[in-house]
Amino acid sequence: MDDRSGCAEIGELLPDVAAGVAAGDERARVFAHLGGCPACRRELAALSHVADELLTLAPAVTPPAGFAASLMRRLAPPPRRRRWWPGRAARVALTVLLAAVAGSGATMRATADDRREAHHCRERPLAERALAAADGTAGGRAFGYGGSPPWLFLTVALPAAGGVYDVHLVTRDGRSRAIGAVPVSAGGGSWGVALDVPFDQVAEVRLAGSAGPPLAAAFG
Amino acid sequence: MTFAVALSDESLIVGMALGDTDAMAAFVRRFQARVFGLALSVVGDPGLAEEVAQDAFMRAWRHAGDYDPRRARVVTWLLTITRNLAVDAIRLRRDRPVDPQRLLVALREEMDDPGYDGAEWLRAGLRELPTDQARPVVLAVAYGWTAKEIAELEGIPLGTAKTRIRRGLARLRQALGVTDG
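Basis of the calculations
- Residues numbered from 1 in each chain as written.
- Chains lettered and ligands numbered in written order.
- Predicted model: local features only at pLDDT ≥ 70, side-chain atom pairs only at ≥ 80, totals over all residues.
- Heavy atoms only, no water.
- Helix = DSSP H or I, 4+ residues; strand = E, 2+ residues; numbered from the N terminus.
- Buried < 20%, exposed > 50% of the residue type's maximum accessible area, 1.4 Å probe, protein only.
- Areas by Shrake-Rupley, 256 points an atom, 1.4 Å probe, with all protein chains shown as cover.
- Contact = heavy atoms within 4.5 Å.
- Axes fitted to C-alpha atoms, helices over the stretch in contact; angles between N-to-C directions.
- Parallel < 35°, antiparallel > 145°, perpendicular 65-115°, else oblique.
- Nonpolar A, V, L, I, M, F, W, Y, C, P; charged D, E, K, R; others polar.
- Disulfide = S-S within 2.5 Å.
- Expected span 1.5 Å × (residues − 1).
- Core = buried A, V, L, I, M, F, W, Y, C linked by side-chain atoms within 4.5 Å.
- Salt bridge = Lys/Arg side-chain N within 4 Å of Asp/Glu carboxyl O.
- Phe/Tyr/Trp six-rings, centres within 6.5 Å; stacked < 30°, edge-to-face > 60°.

Draft legend 1. Quick look at the overall build of chain B. Scanning chain B from terminus to terminus reveals nine helices and zero strands. The order of helices and strands in chain B, counted from the N terminus, is α-α-α-α-α-α-α-α-α. Here chain B holds 181 residues, and the buried ones make up 52% of them. About 7,900 Å² of surface is accessible on chain B, with carbon and sulfur atoms providing 52% of the total.

Draft legend 2. Region of interest: the overall build of chain A. Across its full length, chain A holds seven helices and eight strands. A burial count over chain A gives 46% of its 220 residues as buried. Considering only contacts in chain A between residues 6 or more positions apart, those separated by 24 or more positions represent 57%. As presented, chain A carries roughly 10,600 Å² of accessible surface, and 58% of it is formed by carbon and sulfur atoms.

Draft legend 3. Representation of the packing of helix H5 (residues 100-108) of chain B against helix H6 (residues 120-128) of chain B in the model. Residues and elements named next belong to chain B. Axis separation between H5 and H6 bottoms out at 9 Å; the angle between their running directions is 130 degrees. Between H5 and H6, the crossing angle belongs to the class labelled oblique. When H5 is examined against H6, the residues Leu104, Ala106, Leu107 and Arg108 are found in contact with a partner set consisting of Arg123, Leu126 and Arg127. Of the residues in the contact of H5 with H6, the class split is four nonpolar, no polar and three charged.

Draft legend 4. Summary view of the state of the cysteines. Residue and element names in this part refer to chain A. One pass over the full model with this rule turns up zero disulfides over all chains. Cysteine cysteine 7 remains unbridged, with the sulfur of cysteine 37 as its closest cysteine sulfur at 3.6 Å. You can call cysteine 37 buried: its relative accessible area is 7%.

Draft legend 5. Inspection of helix H3 (residues 38-54) of chain A at higher detail. The terminal C-alpha atoms of H3 of chain A, which comprises 17 residues, lie 24 Å apart, in line with the 24 Å expected from a rise of 1.5 Å per residue. Taken as a whole, H3 of chain A has its buried residues at Cys40, Leu44, Ala45, Ala46, Leu47, Ser48, Val50, Ala51, Asp52, Glu53 and Leu54 of chain A.

Draft legend 6. Examining the nonpolar core more closely. One finds Met16, Phe27, Phe57, Leu126 and Tyr143 of chain B to be the most contacted residues of the largest nonpolar core, which totals 90 residues. Tallying contributions element by element places helix H2 (residues 21-43) of chain B first for this core, with twelve residues. Membership of the second largest hydrophobic core comes to 27 residues, among which are Ala127, Ala142, Val202 and Ala217 of chain A.

Draft legend 7. How the structure looks around the environment of alanine 217 of chain A. All names here are of chain A. Along the chain, alanine 217 falls in strand E8 (residues 212-218). Residue classification places alanine 217 among the buried positions, given a relative accessible area of 1%. C-alpha separation for the pair alanine 217 and leucine 131, spaced 86 residues apart in sequence, amounts to 4.7 Å.

Draft legend 8. Up close: the environment of alanine 151 of chain B. Residues and elements named next belong to chain B. Note that alanine 151 resides in helix H8 (residues 147-154). Placed eleven residues apart in sequence, alanine 151 and lysine 162 show a C-alpha to C-alpha distance of 8.3 Å. Setting aside chain neighbours within four positions, we find alanine 151 in contact with Ile156, Pro157, Leu158 and Ala161.

Draft legend 9. Seen up close, the pattern of salt bridges. Per the stated rule, a full pass over the model turns up twelve salt bridges over all chains. Between arginine 73 of chain B and glutamate 53 of chain A there is a salt bridge whose closest N-O contact spans 2.8 Å. In this pair, arginine 73 of chain B is assigned in the loop between helix H3 (46-62) and helix H4 (74-92) and glutamate 53 of chain A in helix H3, connecting two distinct chains. Taking the shortest distance from any N to any O, the salt bridge between aspartate 55 of chain B and arginine 74 of chain A comes out at 3.2 Å.

Draft legend 10. Local environment of the packing of aromatic side chains. All names here are of chain B. Per the stated rule, a full pass over the model turns up five aromatic pairs over all chains. Ring geometry for phenylalanine 27 and phenylalanine 57: centres 6.0 Å apart, planes at 90 degrees, overall edge-to-face. Highlighted residues: phenylalanine 27 in helix H2 and phenylalanine 57 in helix H3, separated in sequence by 30 residues. Residues phenylalanine 27 and phenylalanine 57 agree in their burial class; the two are buried.

Shown next as structure tokens:
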């Protein structure tokens, strides 16, 4: 493995990614490398933290009179959430959910690096879905990003997985096509690719190959 | 429900995710000066900054359920939303000249607000950074400019712009000190 030279090349690009000025192909190369390199992941996290915190240095300025009142008049209650989480029952349910989440710290930690890694491309993911096997076993995460071009980032985390997953993209018109491959070693791997279709046209991402059981994430 | 000042930022976000307008009102009171201040620093026009700040809060209201405390502090999350909207706004109005020097001076200045929770270690690092490195970093991070655009604005070769962004951000990262970020 040429990890050392790989790190040197990727290390050059990390500030660009953190500052949000890396080109699409550079970002893809960086994220492909990050899957197998905790040191570069930590470095990107630190650089991104610096970039994010720069914004907090901006001076506070009192907005014009009536700013808050005008804003509050614009608010419409988010209807979907109200329907799903009606009133007091919602708060009780949320408390239970938060307690459950706190109790499953290992699971949350297992995906935390993946989430952070994808987050640090400094764009909001349009969608984030679990990659799961047919029996429901969690196998990783799929992140969809907008922008120009839109792109997809995948992380695989499946004990004992090793080899290659071929990635197929299923669009809303029902077509399926191969868009690349994710190398997986020692149960983990990650990979990103620019897409030539808007992300809202993506229905599903399917992974199949020698690395392990077939995995899929539905974006429908 | 009314919210006492002691409620954490994260608690307000949870309330907002549940559609509680009182939580939103408290959230706006707490952060409006920070949001408007950043928007004004980037766009330079009070009217446009007010539009950007209003849109930032509306986006925070709609997407409060997406906030992930493991990713960022609430203030960082909100200011990143604000920065993105401010960048979109100035890109739509190409006639407005960008003045990175004005923002750089503002970022380097001491805050006299006792409630301010910004990163003073970073402000110190920014003060020590040579201006020819600090300006490209600010243009990239706060204004969302590409290295090519920065090279054109600064009148320097593309490679030089990239080098200055890299060196500038790397030096600020040293101010962070630790390696586990």
